Amino acid sequence: MGAGFHGGFGPTKGFQSNAKPKLKMNLQLFASSGPISMSGNVTEKSISDHREFFFGKSVHEIEKYLNSRGYQTEIRPSKNPNSKATVITVLNHTHERNITQVLVSPGSKRHGDVPYVKISTDNGKYKVINSRPEDYKTDGKEKAKLFFRRYW
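The rules we used
- Residues numbered from 1 in each chain as written.
- Predicted model: local features only at pLDDT ≥ 70, side-chain atom pairs only at ≥ 80, totals over all residues.
- Heavy atoms only, no water.
- Helix = DSSP H or I, 4+ residues; strand = E, 2+ residues; numbered from the N terminus.
- Buried < 20%, exposed > 50% of the residue type's maximum accessible area, 1.4 Å probe, protein only.
- Contact = heavy atoms within 4.5 Å.
- Core = buried A, V, L, I, M, F, W, Y, C linked by side-chain atoms within 4.5 Å.
- Arc of directions from axis to C-beta.
- Polar contact = N/O pair within 3.5 Å; in protein donor to acceptor, adjacent residues only side chain to side chain.

J.: Mind showing me how you'd approach the overall build of the chain here?
T.: Looking only at helices and strands, the chain has 3 helices and 6 strands in total. Sequence-ordered secondary structure for the chain, helices as α and strands as β, is α-α-α-β-β-β-β-β-β. Evaluated residue by residue, the chain yields a buried proportion of 34% over its 152 residues. Considering only contacts within the chain whose residues lie at least 6 apart along the sequence, 36% involve residues at least 24 apart.

Given below as structure tokens:
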């Protein structure tokens, strides 16, 4: 270990202490992360791939995310008097912005004490559930495609 050794990876072949990086960070890649594309479109695959995105987010955080994707929204309580859920209604639904509403539930007697987010789109309904399948109560007549938390 010579005098130039400082515990890092330099000096090595090609090392330049004041060199500028050759690759620029693609900030657009990070900005577009999540289940909804920058144009506002969501698919079953994008929800499945990014299901953890919704966990731990408040109604207002989800609404802010929708707004960043071009959605104009309005928050209202559920029409069901026994529900603790809150609904984000989309006011500018189009073919490209295919979400019609998002329901955020902290859990219920009907489905158990399990928080979930239900996303209604032109193509169907998708429920992202923050639990294991065995903790979620269902009558087996779900109209939504269910995505449970992945445990590793």
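Having put the structure on the table, let's press on.
J.: Could you clarify how one ought to interpret the nonpolar core in this entry?
T.: General note: in soluble globular proteins, nonpolar side chains tend to be found buried as a group. Residues Ile62, Leu66, Ile99, Val102 and Ile119 are the most contacted members of the largest nonpolar core, which totals 20 residues. Residue assignment for this core shows that the elements contributing at least two residues are helix H3 (59–68), strand S2 (86–90), strand S3 (99–105), strand S4 (116–121) and strand S5 (124–129). Per element, the largest residue contribution to this core is 4 residues, and it comes from H3. Filtering out sequence-adjacent residues up to four positions away, isoleucine 119 remains in contact with Ile47, Phe54, Ile99, Gln101, Val102, Gly124, Lys125, Tyr126 and Val128. One finds Ala85, Val87, Ile129 and Tyr136 within the second-largest nonpolar core, a separate group that totals 8 residues.

J.: Would you explain H3 in this entry?
T.: Two residues of an α-helix separated by three or four positions point the same way, owing to the 3.6 residues in each turn. Taken as a whole, H3 has its buried residues at Val59, Ile62, Glu63, Tyr65 and Leu66. All buried residues of H3 fall inside an arc of 160° around its axis, so they share one side. Exposed and facing more than 90 degrees away from the buried side of H3 are His60 and Lys64. As for H3, its buried residues are in contact with strand S1 (73–77), S2, S3 and S4. After H3 finishes, the residue glycine 70 shows a positive phi value of roughly 95°.

J.: Looking at this structure, how should I read the side chain of threonine 89?
T.: Relative to the helices and strands, threonine 89 is located in strand S2. At 3.5 Å, the side chain of threonine 89 and the side chain of arginine 76 are in polar contact. Residue contacts for threonine 89: discarding those within four places in its chain leaves Gln72, Thr73, Glu74, Arg76, Thr100 and Gln101.

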